[in-house]
Structure formats: structure tokens, C-alpha cells
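# Architecture at a glance
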Amino acid sequence: MTAWTWRFEKADGTEVQPAVQPEEFTTQGDAESWIGEHWKALLEGGAEQVRLFEEQSEIYGPMSLDAEGA
């Protein structure tokens, strides 16, 4: 089964621990829905951008969590 995961970062690419702990997602859509529900809490908790991975392959990113900066 394919696992989709998020990496949470500061604007400079430094990895940070997320304010909301994600699960491991089985589809890209589930992962994207989750980030859509939790982006504000993640941003307030110190994450400024995210990257989406399928297993070890980066699918996209960095994607800003700051709606004004996006």
C-alpha cells in the first residue's frame, strides 16, 4: 500500500514538528484534504511550508501555508 506523507518546514527548509500530528495517508486526495483542514493550526504552530511525498518520492513542494504569501 502506498503511503502519502507531509514534511513540515520553516521558510528556509528546516524541518519542524507539526502542531497537529498527521496520519499516514493512503491517497493523495486524503493527504490534501487533511492539509486543507489543518493548515491554519500548522501555520500557527510554526510550520511555514509543506512538501508532499509518496513513499520516498517528493510529489510537490514547498507549498506555503501562508494564504497571504501564496
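Residues numbered from 1 in each chain as written. Predicted model: local features only at pLDDT ≥ 70, side-chain atom pairs only at ≥ 80, totals over all residues. Heavy atoms only, no water.

As annotated in an unreviewed UniProt entry, the protein carries the name Mtc1 family protein and is attributed to Streptomyces albidocamelliae.

## Thoughts on the overall build of the protein
Looking only at helices and strands, one finds one helix and three strands in the protein. Sequence-ordered secondary structure for the protein, helices as α and strands as β, is β-α-β-β. Relative to the 2.2 N^0.38 estimate, which gives 11 Å for 70 residues, the radius of gyration of the protein is 11 Å and therefore close to what a compact globule would have. Considered along the principal axes of its C-alpha atoms, the protein spans approximately 35 × 20 × 20 Å. Counting every position in the protein, which comprises 70 residues, the buried fraction comes to 30%. A sequence separation of at least 24 residues applies to 50% of the contacts in the protein between residues at least 6 apart. Carbon together with sulfur atoms contributes 45% to the accessible area of the protein, which is approximately 4,300 Å² in total. For the protein, the distance from the average position of its 4 positive side-chain charges to the average position of its 15 negative side-chain charges is 8 Å. (Helix = DSSP H or I, 4+ residues; strand = E, 2+ residues; numbered from the N terminus. Rg over C-alpha atoms; globule rule 2.2 N^0.38 Å. Buried < 20%, exposed > 50% of the residue type's maximum accessible area, 1.4 Å probe, protein only. Contact = heavy atoms within 4.5 Å. Areas by Shrake-Rupley, 256 points an atom, 1.4 Å probe, with all protein chains shown as cover. Lys, Arg positive; Asp, Glu negative; His and termini not counted. Charge placed at Lys NZ, Arg CZ, Asp CG, Glu CD.)

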